[in-house]
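# Residue-level structural notes
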Amino acid sequence: MRVHDLNWMQLETYLERDDRIVLPLGSTEQHAYLSLGTDNILAERIAVEAAEPVGVPVLPVLAYGLTPTFAAYPGSPTLRVETYARVIGDLLDSLHGQGFRRILIVNGHGGNTPARSQVAEWLGAHADAQAIWHDWWNGARVSETATAIDPVWSHAAWSENFPWTRLEGVVMPTDAREPVSWRGGPLTPEAARHVAGDGSYGGLYQRPDEDVLRLWKAGVEEVRALLVDGWAPSG
């Protein structure tokens, strides 16, 4: 049910029986040895795998987000907070205007969370709509599963290292990295790069596929549960 695989007439027919849609949010940014598109790949893929059995359409991922801390890493462009908030608000307005009333936002990047306040503000002005913001990588099931596998999981570490975020020919370090310490509050991009080094925030860079696929399964199930049962009763 990717929107890319539908035409407008098919989507209009869908709206005659359902008003749900999924909006994945990502970010194009450094992920150490993993793809610069990691957050985008994961947010859209987990949304599609969760929504497909339910028959709910999934929009293309919003591929740029809030990542000023990584500005010193090539390939990590950022939007301003006010720009991003307006984009989210505009998208919600557009979807609402086309008839969608239940919008699941599947966020794949922690830096995007300031936009949650924009969603709350939008909901205050649209009593006939619902919008759920879900940080898939930090959901209860995912957090519990990841911690059970390995208590150290973080940005650009094993918990984001899936077969679909690895790059061909890139060899991962085999030793675990000491967790990065962000002392002193917000850092300039140059100082952040000095602290983060290759970009991983700590822990093992890779674990066996059986571990990460177990984590992925928990994420898919958590998103699907929200898509099916996460809505307030209508009326």
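For the structure, check the block above.
Residues numbered from 1 in each chain as written. Predicted model: local features only at pLDDT ≥ 70, side-chain atom pairs only at ≥ 80, totals over all residues. Heavy atoms only, no water.

## Observations regarding the packing of aromatic side chains
Filter applied, for reference: Classification of ring pairs uses Phe, Tyr and Trp, with its six-membered ring standing for Trp, and accepts pairs whose centres are within 6.5 Å; under 30 degrees between planes counts as stacked, over 60 as edge-to-face, and the remaining range as tilted. Numbering of helices and strands runs from the N terminus, with a helix taken as a DSSP run of H or I at least four residues long and a strand as a DSSP run of E at least two residues long. With a 1.4 Å probe rolled over the protein chains alone, any residue whose accessible area is under 20% of its type maximum counts as buried; one over 50% counts as exposed, and the rest are partly exposed.
Enumeration according to the criterion identifies 8 aromatic pairs in this entry. Their ring planes at 65 degrees and their centres at 5.2 Å tell us that Trp164 and Trp216 sit as a pair that is edge-to-face. Within this pair, whereas Trp164 is found in the loop between helix H5 (140–149) and helix H6 (189–196), its partner Trp216 is found in helix H7 (residues 209–229), the two being separated by 52 residues in sequence. Here Trp216 falls in the buried class, since its relative accessible area comes to 5%.

## Observations concerning H7
An α-helix turns once per 3.6 residues; consequently, residues spaced three or four apart project the same way. Stated precisely, the cut-off is as follows: To estimate how far a helix should reach, multiply one less than its number of residues by 1.5 Å. Any two residues whose heavy atoms approach within 4.5 Å at even a single point are treated as in contact.
An ideal rise of 1.5 Å per residue puts 30 Å on 21 residues; H7 measures up with 30 Å between its terminal C-alpha atoms. Where H7 is buried, its residues contact strand E1 (20–25), helix H2 (38–51), strand E2 (102–107), strand E3 (130–135) and H5.

## A word on empty space enclosed by the protein
As a reminder of what qualifies: Of the grid points, spaced at 1 Å and generated over the protein atoms alone, those admitting a 1.4 Å probe that cannot get out make up cavities, while open sets with protein on both sides within 12 Å along at least five of seven lines make up pockets; any residue with an atom within 4 Å of a point is treated as lining. Grid points are joined across faces, edges and corners, and a volume is the space filled by probe spheres set on the points. Just so you know the grouping, Ala, Val, Leu, Ile, Met, Phe, Trp, Tyr, Cys and Pro go in nonpolar, Asp, Glu, Lys and Arg go in charged, and all remaining residues, Gly too, go in polar.
Counted under the stated rule, the structure contains 1 cavity of 30 Å³ or more. Taken as a whole, the largest cavity encloses approximately 40 Å³ of empty space. In terms of lining, the largest cavity is formed by Arg2, Val3, His4, Glu44, Val48, Val58, Leu59 and Pro60. Its residues placed into classes, the lining of the largest cavity shows 5 nonpolar, 1 polar and 2 charged.

## Focus: the sheet that holds E3
Rules: Each pair of strands is called paired provided DSSP finds at least two bridges between the two strands. Here an angle of 0 to 180 degrees is reported between the N-to-C directions of two axes, which are lines fitted to C-alpha atoms, with helices fitted over the stretch in contact.
What the 3 strands build is an open sheet, ordered E1-E2-E3; its pairing is parallel. Across the chains shown, the open sheet's two edge strands, defined by having one partner strand only, are E1 and E3. The mean angle between the axes of side-by-side strands here comes to 20 degrees, regardless of whether they run parallel or antiparallel. Bridging between E1 and E2 involves 6 bridges; their strand directions are parallel. Pairing of Val22 across the sheet is with Leu104, part of E2.

## Digging into the side chain of Asn112
The line we're drawing: In the analysis that follows, any N or O atom pair within 3.5 Å is treated as a polar contact, provided that within protein one partner can donate a hydrogen and the other can accept it, and provided that, for residues neighboring in sequence, both atoms belong to side chains.
By the secondary structure assignment, Asn112 is in the loop between E2 and helix H4 (116–124). Polar contacts involving the side chain of Asn112 include one to the main-chain carbonyl oxygen of Gly26, which spans 3.1 Å. Excluding residues that lie within four positions of it along the chain, Asn112 makes contacts with Leu25, Gly26, Gly65, Leu66, Tyr84, Asn107 and Trp133.

## Looking at the pattern of salt bridges
Stated formally: What makes a salt bridge here is a side-chain nitrogen of Lys or Arg within 4 Å of a carboxyl oxygen of Asp or Glu, nothing more.
Tallying each qualifying case throughout the model produces 12 salt bridges. Arg2 is paired through a salt bridge with Glu44; the nearest N and O atoms lie 2.6 Å apart. Taken together, the residues Arg2 in the segment before helix H1 (8–15) and Glu44 in helix H2 connect sequence positions 42 residues apart. For Arg2, a relative accessible area of 31% puts it in the partly exposed group. Close ionic contact of Asp211 with Arg207 constitutes a salt bridge, the shortest N to O distance being 3.0 Å. Here the salt bridges do not stand alone but share partners, grouping Asp18, Asp19, Arg20 and Arg102 into one network.

## Describing the packing of helix H3 (residues 81–97) against H4
Defined as follows: A crossing counts as left-handed when the near helix is turned anticlockwise from the far one by less than a right angle, and as right-handed when that turn is clockwise.
Look at H3 against H4: their axes get within 9 Å of each other, and the N-to-C directions meet at 35 degrees. Between H3 and H4 lies a crossing whose hand is right-handed. Residues Ala85, Ile88, Gly89, Leu92, Asp93 and His96 of H3 form the contact with H4, whose own contacting residues are Gln118, Val119 and Trp122. In terms of residue class, the contact of H3 with H4 is made up of 5 nonpolar, 3 polar and 1 charged.

## Re H3
The test is simple: As used here, the arc is the angular range of directions from the helix axis to the C-beta atoms.
In a regular helix each residue adds 1.5 Å, so 17 residues correspond to 24 Å; H3 covers 24 Å between its end C-alpha atoms and thus fits that length. Turning to H3, its buried residues number three or more, namely Tyr84, Ala85, Ile88, Gly89, Leu92, Leu95 and His96. The arc enclosing the buried residues of H3, seen along the axis, measures out at 135 degrees, which places them on a common side. Opposite its buried face, H3 presents the exposed residues Glu82, Arg86 and Gly97, each directed more than 90 degrees away. For H3, the elements touching its buried residues are E1, E2 and H4. Phi turns positive one or two residues past the end of H3, at Gly99, with a value near 110 degrees.

## Structural notes on the nonpolar core
The following threshold applies: Only buried Ala, Val, Leu, Ile, Met, Phe, Trp, Tyr and Cys residues count toward a nonpolar core, and they belong to the same one when joined by side-chain atoms within 4.5 Å.
Ranked by internal contacts, the top residues of the largest apolar core, which has 46 residues, are Val22, Ile103, Leu104, Ile105, Val106 and Trp136. Contact partners of Val106, with chain neighbours within four places excluded, come to Val22, Leu23, Pro24, Leu25, Ala43, Ile46, Ala47, His134, Trp136 and Val223.

## Quick notes on the side chain of Asp18
Structurally, Asp18 is set in the loop between H1 and E1. Among the polar contacts made by the side chain of Asp18, one reaches the side chain of Arg20 at a distance of 2.8 Å.

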